[in-house]
Amino acid sequence: MSPADLIAIYFYFFAALAILGALGVVVLRNIFHSVLSMIVCLFAVAGFFVLLNAEFLAAVQVIIYVGAIMVLIIFAILLSTRIMRRDIVQTNAYVLPGIIVSLAFLVTTFFVIISTRFVEDYHVPFYPAWLAEASEKLDNTMIVGWSLMATYSLPFEIASILLLMALIGGVVLAHRKEDD
Amino acid sequence: MTDVPMFYYTTLAALLFSIGAVGVIVKRNPILIFMSIELMLNAVNLSFITYSRYLHFLEGQVYAFLLITVAAAEVAVGLAIIVALFRSKREVDVDAASLMKE
């Protein structure tokens, strides 16, 4: 079996996992089962990242999404809903319009994808030439780290300020006042 | 290296995005709406990484990294809002949060 075949097999495996996980989020009635299904989907997307030579982001995906965000969501469920009640209606009155709108979006996007000719080897002018040349040999993590620390240091700093703001905002919003 | 065509990955990302969009429109529990939004963000991430790999546009990975950061910030604030909503209404339902409409 050639490596290309193996990559194709992994692709179909992860694709099936991701689609089933995503459908589970929308279809399952118990919200906790939806969370577990979402975790499956996130792991499958991390698998795609590995297939696409983005190992650093695969690790980030597993650590941040699965390790932090989904655990946070589970805590929010714990704090706010009675998940074991069977009679909770999970959907609103817009089931059919929602599906129609999303299908229309999917079909439009599909036709845009198949009719677009992408420019191969798009050259980014301010990307250092030595890095572009060396990128075939270098670690993916090193390339991303170099970009974040040098070319994209300003967005990186803005992202940290955003995280600080979110931290303060979360504390302020969830803080229980003494008098109630 | 022959590989899976880029078209497969982008179509898959569009499919995941559409499923997330269905969740956002259809669900009435804000936590589930949140998870659907995360699903849509993930689909966008997947297409970023796909373009970064196939068009040799290495910055796509940087954008995806920043997108994950923004998603984390969004979850921190959003879940705090949901918990605060539950405290004032004793239930979690976006249809119950209509104070500003009335």
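Quick caveat: nothing in here was measured; it's all calculated off a predicted structure.

(A) The overall build of chain A, seen in detail. Scanning chain A for helices and strands turns up seven helices and zero strands. Mapped from its N terminus to its C terminus, chain A presents α and β elements in the order α-α-α-α-α-α-α. A burial count over chain A gives 34% of its 180 residues as buried. When the accessible surface of chain A is summed, it comes to about 11300 Å², and 73% of that surface belongs to carbon and sulfur atoms.

(B) Main features of the overall build of chain B. Helices and strands together make up the secondary structure of chain B, namely three helices and zero strands. Of the regular secondary structure in chain B, the N- to C-terminal order runs α-α-α. The C-alpha radius of gyration computed for chain B amounts to 17 Å, which surpasses the reference 13 Å derived for 102 residues by more than 25%, pointing to a less compact arrangement than a globule. For chain B, the C-alpha atoms occupy an extent of roughly 60 × 25 × 20 Å along the three principal directions. Across the 102 residues that make up chain B, the buried fraction comes to 63%. A fraction of 56% describes how many contacts in chain B between residues 6 or more apart in sequence connect residues 24 or more apart. Put simply, chain B shows about 3800 Å² of open surface, and 68% of that area lies on carbon and sulfur atoms. Charged side chains of chain B number 7 positive and 8 negative; the gap between the two group centres comes to 8 Å.

(C) Structural view of the interface of chain B and chain A. Listed by partner, the interface residues are 70 residues for chain B and 83 residues for chain A. Of the roughly 6900 Å² buried where chain B meets chain A, counting both sides, 77% is carbon and sulfur surface. Our enumeration of links across chain B and chain A arrives at zero salt bridges. At the surface where chain B touches chain A, the tally comes to five residue pairs in polar contact (both at pLDDT 80 or more). Mapped onto the side of chain B that touches chain A, the elements with two or more residues apiece are helix H1 (6–26), helix H2 (30–54) and helix H3 (59–89) of chain B. For the side of chain B that touches chain A, the leading source of residues is H3 of chain B, giving 24 residues. Looking at the side of chain B that touches chain A, its residues break down into 49 nonpolar, 12 polar and nine charged.

(D) Structural context of the packing of aromatic side chains. With the rule as written, the count across this model stands at 18 aromatic pairs over all chains. Taken together, a centroid distance of 6.4 Å and an interplanar angle of 50° make the contact between Tyr-12 of chain A and Tyr-8 of chain B tilted. Of this pair, Tyr-12 of chain A sits in helix H1 (residues 3–27) while Tyr-8 of chain B sits in helix H1, each in a different chain. Between Phe-56 of chain A and Phe-65 of chain B, the aromatic rings sit 5.8 Å apart at their centres with planes inclined by 35°, giving tilted as the arrangement. Placement of Phe-56 of chain A in helix H3 (residues 55–80) and of Phe-65 of chain B in helix H3 is noted, with the two residues assigned to different chains. In this structure an aromatic cluster arises from ring pairing among Tyr-10, Phe-11, Tyr-12, Phe-13, Phe-14, Phe-48, Phe-110 and Phe-111 of chain A together with Phe-7, Tyr-8, Tyr-9 and Tyr-54 of chain B.

(E) Inspection of helix H4 (residues 95–115) of chain A at higher detail. The terminal C-alpha atoms of H4 of chain A, which comprises 21 residues, lie 30 Å apart, in line with the 30 Å expected from a rise of 1.5 Å per residue. Looking only at H4 of chain A, the buried set comprises Gly-98, Ser-102, Leu-106 and Ile-113 of chain A. The arc that holds every buried residue of H4 of chain A, seen down its axis, measures 65°, which confines them to one face. In H4 of chain A, those exposed residues whose orientation departs by more than 90 degrees from the buried face are Leu-96, Ile-100, Phe-111 and Ser-115 of chain A. Check the buried side of H4 of chain A and you find it contacts H1 of chain B.

(F) Local environment of a nonpolar patch on the surface. On the surface, a cluster of nonpolar side chains totalling about 570 Å² of accessible area is made up of Tyr-12, Val-107, Phe-111 and Ile-114 of chain A together with Phe-7 and Tyr-8 of chain B. At the level of secondary structure, the elements contributing two or more residues to the nonpolar patch comprise H4 of chain A together with H1 of chain B. The biggest single contributor to the nonpolar patch is H4 of chain A, with three residues. Mapped onto the elements of the fold, Phe-111 of chain A is located in helix H4.

(G) Geometry of the environment of Gly-170 of chain A. Looking at the element boundaries, Gly-170 of chain A is found in helix H7 (residues 153–174). Gly-170 of chain A sits 124 residues away from Ala-46 of chain A along the chain, and the two C-alpha atoms are 27 Å apart. Leaving out residues up to four positions away in the same chain, Gly-170 of chain A has contacts with Ala-76 and Ala-80 of chain B.

Rules and cut-offs
Residues numbered from 1 in each chain as written. Chains lettered and ligands numbered in written order. Predicted model: local features only at pLDDT ≥ 70, side-chain atom pairs only at ≥ 80, totals over all residues. Heavy atoms only, no water. Helix = DSSP H or I, 4+ residues; strand = E, 2+ residues; numbered from the N terminus. Buried < 20%, exposed > 50% of the residue type's maximum accessible area, 1.4 Å probe, protein only. Areas by Shrake-Rupley, 256 points an atom, 1.4 Å probe, with all protein chains shown as cover. Rg over C-alpha atoms; globule rule 2.2 N^0.38 Å. Contact = heavy atoms within 4.5 Å. Lys, Arg positive; Asp, Glu negative; His and termini not counted. Charge placed at Lys NZ, Arg CZ, Asp CG, Glu CD. Buried area = accessible area lost by both parts, 1.4 Å probe. Salt bridge = Lys/Arg side-chain N within 4 Å of Asp/Glu carboxyl O. Polar contact = N/O pair within 3.5 Å; in protein donor to acceptor, adjacent residues only side chain to side chain. Nonpolar A, V, L, I, M, F, W, Y, C, P; charged D, E, K, R; others polar. Phe/Tyr/Trp six-rings, centres within 6.5 Å; stacked < 30°, edge-to-face > 60°. Expected span 1.5 Å × (residues − 1). Arc of directions from axis to C-beta. Patch = residues over 30% accessible without salt bridge, like charges linked within 9 Å, V, L, I, M, F, W, Y side chains within 5 Å.

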